[in-house]
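# Fold and geometry: a report
Listed below are the residues making up each chain.
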Amino acid sequence: MKEIHITSKEEGQRMDKILGKYLNQAPASFLYKMLRKKNIKLNGKKADGKEKLKDGDIITLYLADDTIDKFQKTEAFPITNKENPGSEHVIGARTRKNRKIEESVGTCELPEIIFENEHILFMNKPAGILSQKASKNDISINEQMIAYCLEKGLVTEEELKIRKPSVTNRLDRNTTGIIAAGISIKGLTFLSELFRNRNLEKYYFTIVKGKMTQPAALKGYLKKDNRTNQVTVKSKKENKDDSYIETIYEPIRYTEQYTLLKVRLVTGKPHQIRAHLAFIGHPILGDEKYGDHKLNLYWKKEAGLTCQLLHSGILIFPELTGEWQSLSGRRFEAPKPKQFLQIEQKIF
């Protein structure tokens, strides 16, 4: 027999969702069968799995330990050993014993934290790391964040079986800046709704080719090619798969050859800023997919630039009331990467 104790951090989830995370290798049919047979109960009573859970609820699993072990798979979250930087260890492995990580996985350093409380976390993502895994052996900012939460005690290994902190917005692998994550279910729901409803003001900084002297609002349509992982921007909608996009920019500094822009992302589609600016003839420096190849080669030789100079630098909350009032109108900033600042200084 096992008991799952629900706290305020898991509150609001459906019971079947919690069970699906706890027994993450079990088919849904097995879980519903156990509920029907009363082998899984909520607060000592029969449940159908659709119940919204509250702080203090107890789920009891009248299952053999072997059955629970069979249907549980615990993820490992590798972090750098600060006392011995040359080695890594794993948090969250089933054996809970330190072990070497394969070289192909690489070193996973804890992220730079901008803000945290018990519900949400903001990090400054560096270039060259994914927001979330694309394949099994990837280490993403999401895994780094979970490792950080484990180290700080914001989540325990047992809690990871039913609640996993997760990032709520994505940046391209080589785009830097603010990544938001929910630690609790309440935090995840709160941030996800803000991003989905476009209530958060998101500002990026970038250096582009060419002289731009006036602010403007760009509108258009974007089509993604999943095979090439590239997008195409169009002035008019041509078919139902084309997504509406809106990008607002403001020149901060400019020369005859370059412009430093502050960009507000109104809609949030894949590669939107990169493709939209390239579409109007002002590609981002270092952008291999949508940029100017000759210009990129120049800055690679001049400053070692190997990725686009695009930085998610500012996040502003809307006016809020109730339990989130402490975040009402708050502004969070992520410092630009060193290389961005060096190239900015060289140009301007």
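Presented here is an overview of the structure given in this document.

## Thoughts on the overall build of the protein
- Each helix and strand counted, the protein has eight helices and 17 strands in total.
- Considering the protein as a whole, with its 348 residues, one finds that 47% of them fall into the buried category.
- When contacts within the protein are restricted to residue pairs at least 6 apart in sequence, those whose partners lie at least 24 apart make up 63%.
- Split by element, the accessible area of the protein, about 18100 Å² in all, is 45% carbon and sulfur.

## Quick notes on helix α8 (residues 338-347)
- Three or more residues of α8 are buried, namely F340, I343, E344 and I347. Seen from one end, α8 has its buried residues packed into an arc of 105°, which puts them on one side. With respect to the buried face of α8, the exposed residues turned more than 90 degrees away are K338 and Q345.
- On its buried face, α8 is in contact with β11 (201-209), β14 (243-254), β15 (258-265), α7 (293-303) and β16 (310-316).

## Quick notes on the sheet that holds strand β4 (residues 58-61)
- With respect to topology, four strands assemble into an open sheet ordered β1-β4-β2-β3, the strand pairing being antiparallel. Looking at the sheet topology across the chains shown, the edges are occupied by β1 (2-5) and β3 (45-46).
- The sheet contact formed by strand β2 (residues 40-42) and β4 spans three bridges and is antiparallel. Bridging from a neighbouring strand, L42 pairs with I59 of β4.

## Some thoughts on the environment of I179
- Note on placement: I179 falls in strand β10 (residues 176-182).
- Once the C-alpha coordinates of I179 and K125 are considered, the two residues, 54 residues apart in sequence, prove to be 6.4 Å apart.
- Leave out the neighbours within four places in its chain, and I179 touches L121, F122, M123, K125, S131, I141, V167, N169, R170 and L171.

## Observations regarding the pairing of strand β8 (residues 120-125)
- Burial of β8 is extensive: six of the six residues sit out of reach of the surface.
- Of the two faces of β8, the one holding I120, F122 and N124 and the one holding L121, M123 and K125 are both buried throughout.
- Sheet topology note: the strand β7 (residues 112-116)/β8 ladder contains four bridges and is antiparallel. Opposite F115, over in β8, you have F122 as the bridge partner.
- Connecting β7 to the antiparallel partner β8 that follows it, the hairpin turn spans three residues.
- Alignment of β8 against β10, held across six bridges, turns out to be antiparallel. Bridging from a neighbouring strand, K125 pairs with G177 of β10.

## Quick word on the packing of helix α1 (residues 15-22) against helix α2 (residues 28-36)
- For the pair α1 and α2, interaxial distance at closest approach is 10 Å and the crossing angle is 120°. On the basis of their axis angle, the class for α1 and α2 is oblique. With respect to the hand of their crossing, α1 and α2 are arranged in right-handed fashion. Contact residues: M15, D16, L19 and G20 in α1; L31, Y32 and L35 in α2.
- Across the contact of α1 with α2, the residue classes tally to five nonpolar, one polar and one charged.

## Digging into the layout of surface pockets
- Counted as a void, the largest pocket has a volume near 1100 Å³.
- Around the largest pocket, the lining comprises 43 residues; the ones closest to its centre are R170, L171, D172, P270 and H271.
- Contributing elements (two or more residues each) for the lining of the largest pocket: β10, α5 (185-196), β11, α6 (272-279) and β16.
- A total of four residues in the lining of the largest pocket trace back to one element, the largest contributor, which is β16.
- Here the lining of the largest pocket is composed, by residue class, of 15 nonpolar, 16 polar and 12 charged.

Reading guide: rules and limits
- Residues numbered from 1 in each chain as written.
- Predicted model: local features only at pLDDT ≥ 70, side-chain atom pairs only at ≥ 80, totals over all residues.
- Heavy atoms only, no water.
- Helix = DSSP H or I, 4+ residues; strand = E, 2+ residues; numbered from the N terminus.
- Buried < 20%, exposed > 50% of the residue type's maximum accessible area, 1.4 Å probe, protein only.
- Contact = heavy atoms within 4.5 Å.
- Areas by Shrake-Rupley, 256 points an atom, 1.4 Å probe, with all protein chains shown as cover.
- Arc of directions from axis to C-beta.
- Pairing = 2+ DSSP bridges.
- Axes fitted to C-alpha atoms, helices over the stretch in contact; angles between N-to-C directions.
- Parallel < 35°, antiparallel > 145°, perpendicular 65-115°, else oblique.
- Left-handed = near helix turned anticlockwise from the far one by under 90°.
- Nonpolar A, V, L, I, M, F, W, Y, C, P; charged D, E, K, R; others polar.
- 1 Å grid on protein atoms, 1.4 Å probe; cavity = no way out; pocket = protein on both sides within 12 Å on 5 of 7 lines; lining within 4 Å.
- Points joined across faces, edges and corners; volume = space filled by probe spheres on them.

Read these as spatial facts, not as claims about activity.
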